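A structural walkthrough
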Amino acid sequence: MEDRGQVEGRNAVMELLTSKKDINKIFVQVGEKHGSITKVIAKAKEMGIVIVEIQKKKLDEMSETRKSPRNNCDSSTI
C-alpha cells in the first residue's frame with residue numbers, strides 16, 4: 001500500500017499537532033465530541049486546520065491500520 005502520509009489515532013494526531021508539522025486536514029468520526037478528541041479538535045481549530053466529520057464506515061475504509069481509529073489526519077510533510 002502506498003504511503004499517503006496518514007497518521008491515525010488520537011495520541012499520534014495530537015503529537016503531530018504539537019510538532020507543528022504541516023497538516024492538511026483531520027478526519028473525525030461524526031458525533032465524536034468527548035474525551036481526548038476535544039483537545040485534538042481544539043488544537044486543530046487553533047492552528048486553522050480543516051476538520052472533516054465523516055461516518056465511522058468511511059473512516060474504517062480510510063484506515064491503513066484497520067484498527068478503527070476515530071480520527072486521523074493527512075499530513076503533507078510526513
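This text follows the structure it describes.
Quick notes on the rules
Residue positions are given per chain, counted from 1 along the sequence in the order it is written. Reporting of local features is limited, given that this is a predicted model, to residues whose pLDDT is at least 70; pairs of side-chain atoms are given and counted only at 80 or more, and all residues count toward the totals for whole chains, interfaces and linings. Each side-chain value is derived from all of the structure's non-hydrogen atoms; neither hydrogens nor water enter the calculation. A helix here means a DSSP run of H or I that spans at least four residues, while a strand means a run of E at least two residues long, and both kinds are numbered starting from the N terminus. Relative accessibility decides the category of a residue: with a 1.4 Å probe and only protein chains considered, values under 20% of the type maximum give buried, values over 50% give exposed, and everything between is partly exposed. Should any heavy atoms of two residues lie within 4.5 Å, those residues are considered in contact. All accessible-area figures derive from a Shrake-Rupley calculation using a 1.4 Å probe, and residue coverage is judged against the displayed protein chains alone. Paired strands are those between which DSSP finds at least two bridges. With strands facing away from the observer, any crossover in which the path from the first strand over the helix to the second runs clockwise is taken as right-handed. Here, the arc refers to the directions that run from the helix axis to the C-beta atoms.

1. Focus: the overall build of the protein chain
- Across its full length, the protein chain carries 3 helices and 4 strands.
- In the protein chain, the succession of α and β elements from N to C terminus is β-α-β-α-β-α-β.
- Residue burial in the protein chain is summarised as follows: out of 78 residues, 38% are buried.
- At a minimum sequence separation of 6, the contacts of the protein chain that also span at least 24 residues come to 75%.
- Carbon together with sulfur atoms contributes 49% to the accessible area of the protein chain, which is approximately 4,900 Å² in total.

2. Here's the deal with the pairing of strand 3 (residues 50-54)
- Bridge count for strand 2 (residues 23-29) against strand 3 is 5 bridges, and the pairing is parallel. Paired with Gln-29 across the two strands is Ile-54, which belongs to strand 3.
- Viewed along the sheet, the connection from strand 2 through helix 2 (residues 37-46) into strand 3 turns out right-handed.

3. Side note on helix 2
- Taken as a whole, helix 2 has its buried residues at Ile-37, Val-40, Ile-41, Lys-43 and Ala-44. Around the axis of helix 2, the buried residues are gathered within 165° of arc, so they sit on the same side. The outward face of helix 2, more than 90 degrees from its buried face, is lined by the exposed residues Lys-39, Lys-45 and Glu-46.

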